[in-house]
Amino acid sequence: DAKTTQPPSMDCAEGRAANLPCNHSTISGNEYVYWYRQIHSQGPQYIIHGLKNNETNEMASLIITEDRKSSTLILPHATLRDTAVYYCIVRVDVVLTGGGNKLTFGTGTQLKVEL
Amino acid sequence: KAGVTQTPRYLIKTRGQQVTLSCSPISGHRSVSWYQQTPGQGLQFLFEYFSETQRNKGNFPGRFSGRQFSNSRSEMNVSTLELGDSALYLCASSHRPGGWDTQYFGPGTRLTVL
């Protein structure tokens, strides 16, 4: 699975958009970009994933560059409860390849949302 | 629907001892994965079980083992504990192997080795 690079920490004012970047320059054509977050003392929580096109769900939007070497997770209106470590993961769709559930997390970005 | 549960939530052991951690997946989920989380290494995959069979394994020594029962509940065991085994151990469940966009994590077991 491709390696990802994320800034170690970011701050965001409550109510503003939080834009979390991720570099995955070695991504291959069949690898997806996934985002999870982990709020202190809880297990990781799935946020969103995508392959090429931008994706949006009730939690966030995912913007993937045309060359797919980087992506940005956008929390449109950050709240204090969005304070967490955000993990960007790149990997093959294991459903199609028959692989298992192995997730490789990096150190993520600690997002701090403040008043 | 109840979430993934893990027991115990906190555990303190000494070097050389062994420990068994338990995970009950969400009802209907048959795949259970285990992860180790430490401050310096982040989350690292240990192994995954589906239908009582280990399907995938991370790069951990043989002291780390696991199993899954017919009701999908899973246990992991660490023998001859070392100080470096102090970590948060997380369990995640999903309907099927590879369904990891719908993988749900439990709260974890915080293991401290003295």
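Relevant structure appears above.
Computed from a predicted structure; not experimentally measured.

Undergrad: Even after reading the chapter, I still don't get the overall build of chain A, so can you show me in this structure?
TA: Secondary structure assignment for chain A yields 1 helix and 9 strands. Counted over contacts in chain A with a minimum sequence separation of 6, partners at least 24 positions apart contribute 59%. Total accessible area computed for chain A in this model is approximately 5800 Å², and 50% of it derives from carbon and sulfur atoms.

Undergrad: For this particular structure, what's the right way to read the sheet that holds strand S6 (residues 61-64) of chain A?
TA: Residue and element names in this part refer to chain A. Taking strand neighbours across the sheet as the criterion, the 4 strands line up as S2-S7-S6-S5 in an open arrangement whose pairing is antiparallel. Only two strands of the sheet have a single neighbouring strand rather than two, namely strand S2 (18-23) and strand S5 (55-56). Pairing analysis gives 2 bridges linking S5 to S6, with the strands arranged antiparallel. Paired with Glu 55 across the bridge in S6 is Leu 62.

Undergrad: Could you clarify how one ought to interpret the sheet that holds strand S7 (residues 64-68) of chain B in this entry?
TA: Either a parallel or an antiparallel arrangement is found when strands of a sheet pair, and the pairing is made through backbone hydrogen bonds. All names here are of chain B. Here we have 4 strands laid out as an open sheet, ordered S1-S3-S8-S7, and antiparallel in their pairing. Only two strands of the sheet have a single neighbouring strand rather than two, namely strand S1 (5-7) and S7. Along the sheet, successive strands turn relative to each other by an average axial angle of 20°, direction set aside. Of the strand pairs in this sheet, S1 and strand S3 (residues 19-24) are connected by 3 bridges, and their pairing is antiparallel. Bridging from a neighbouring strand, Thr 7 pairs with Ser 22 of S3.

What counts, and where the lines are drawn
Residues numbered from 1 in each chain as written. Chains lettered and ligands numbered in written order. Predicted model: local features only at pLDDT ≥ 70, side-chain atom pairs only at ≥ 80, totals over all residues. Heavy atoms only, no water. Helix = DSSP H or I, 4+ residues; strand = E, 2+ residues; numbered from the N terminus. Contact = heavy atoms within 4.5 Å. Areas by Shrake-Rupley, 256 points an atom, 1.4 Å probe, with all protein chains shown as cover. Pairing = 2+ DSSP bridges. Axes fitted to C-alpha atoms, helices over the stretch in contact; angles between N-to-C directions.

By themselves, these figures tell us nothing about what the structure is for.
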